[in-house]
Structure formats: C-alpha cells, structure tokens
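Fold and contact review
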Amino acid sequence: MGRTLRALILLAFVASCGGGSVEPPRNLDNACAILAERPDFKRAFRRAERKWNVPVHVQMSTIYHESKFEGDARTPLKFALGVIPMGRLSSAYGYSQALDGTWDEYLAAEGRRNAKRDDIRDATDFIGWYMTNTERRLGISKRDARNQYLAYHEGQAGYARGSFKAKPWLMRYADSVQERAIMYEIQLRSCR
C-alpha cells in the first residue's frame, strides 16, 4: 500500500473520530455552573430570551428534561423479537428533541435552512419560537414551564384536546420541569 494511500486512510479515520457532539456540562443541577462551564450556552439562552422573551430558566429546564444537555440525544431504538433494531421510537433529535416535522415547520417559518438541532443556538431559538407560538395559540405564559412543557411534549393540538390528562406520568414529569425551572431561576439570580 502506498504512503499516500495510508496517509489518506489515516486522515479519514482521524476525521471520523472527531467532530462529535460536545460533552454536556458536568453539574446539571447548578444553572450557574452550567453557564460558567459553557459560555456558548449562556450566549444562546440570552439571545433566545431577548428575541422570544422566553426566560433562560424555562429554556434550561426544558433542555434538561428533553436531552440532559446532550446535543446529539436521540430516542431509544425499537427492537423486533427483542434483538432486531427497527428504527427509533420517534424522530426527536438534539438538545430540544424536536421532531422532524416540527423542526421543518420552524425552518420554513423562520427561513433558517441551515439550522441544526445539535447546535445550542438553533435549539434555543427553536424553543423560543415554539413557546411563543404556544402562548399565542393557547394563552400559556412563557414563564409557565409546566404547561409550556405539556404543550411542547403533546403538541399544541394535543394540549388543546387535553391528551396529557390521561398520562399521569407526564403530568408528574411536567411538575418536575416546573420545579427545575424554579430552582434554576433562583440560582441564576445569584450568578448574573
């Protein structure tokens, strides 16, 4: 094998190893630590807050509960006969766990053809856009992390139908979104 061919193979291997998603922040229970460790997150949250008026703590709690701040988060695989992979449970992907169809709607509405779900700036902008539409359509305040999350999870039409009421586990989960948002809000007051 020629020297050039070996160099190209090595280069291709090295390139495939890099470029992956950045590790999530270490201390996910401390909003100040998250923003101190990841200044890019801080800029993204603040930018979305200025543009959409969705509080930083609501955005952070939503991302925590959707992806634990993992940019390449995906839903688990489905298996046939317990061993044959049959695709994922849904198309949810990225920090915001946006579904393909909703993400496409966002891209079209905002004219952001190059936005990526695994980019924190684009994910926070998506959350701001979605929660702004939820407030317009359903009257849910952008500060109401619990009900915003229920509408985020179930979709605005599902929320309007009350589909979440038949899911006690989801209502408990939405309560934890609200609790974390309050915790983050209190923490953020001391680190701004």
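See above for the structure.
Source: prediction; values computed, not measured. (Residues numbered from 1 in each chain as written. Predicted model: local features only at pLDDT ≥ 70, side-chain atom pairs only at ≥ 80, totals over all residues. Heavy atoms only, no water.)

Some points on helix H7 (residues 145-161)
Here H7 contains 17 residues, and its C-alpha end-to-end distance of 19 Å is more than 12% below the 24 Å for a straight helix at 1.5 Å per residue. Gly155 marks the point of greatest bend in H7, at about 115°. Most of H7 is tucked away: 12 of the 17 residues are buried. Restricting attention to buried positions, one finds in H7 the residues Ala145, Asn147, Gln148, Tyr149, Leu150, Ala151, Tyr152, Glu154, Gly155, Gln156, Gly158 and Tyr159. Looking at the buried side of H7, the elements it contacts are helix H4 (56-67), helix H6 (120-138) and helix H8 (168-191). Downstream of H7 by a residue or two, Gly162 has a phi angle that is positive, lying close to 80°. (Helix = DSSP H or I, 4+ residues; strand = E, 2+ residues; numbered from the N terminus. Expected span 1.5 Å × (residues − 1). Bend = angle between axes of the 7 residues up to and from the residue. Buried < 20%, exposed > 50% of the residue type's maximum accessible area, 1.4 Å probe, protein only. Contact = heavy atoms within 4.5 Å.)

Here we look at helix H5 (residues 100-110)
When we look at burial in H5, the residues that qualify are Trp103, Tyr106 and Leu107. Buried residues in H5, looked at end-on, bunch into an arc of 100°, giving them a common side. Exposed side of H5, more than 90 degrees from the buried face: Gly101, Ala108 and Ala109 are the residues found there. In this structure, the buried residues of H5 make contact with H6. (Arc of directions from axis to C-beta.)

Considerations on unusual backbone geometry
Non-glycine residue Asn53 carries a positive phi angle of around 65°. Along the polypeptide, Asn53 turns up in the loop between helix H3 (39-52) and H4.

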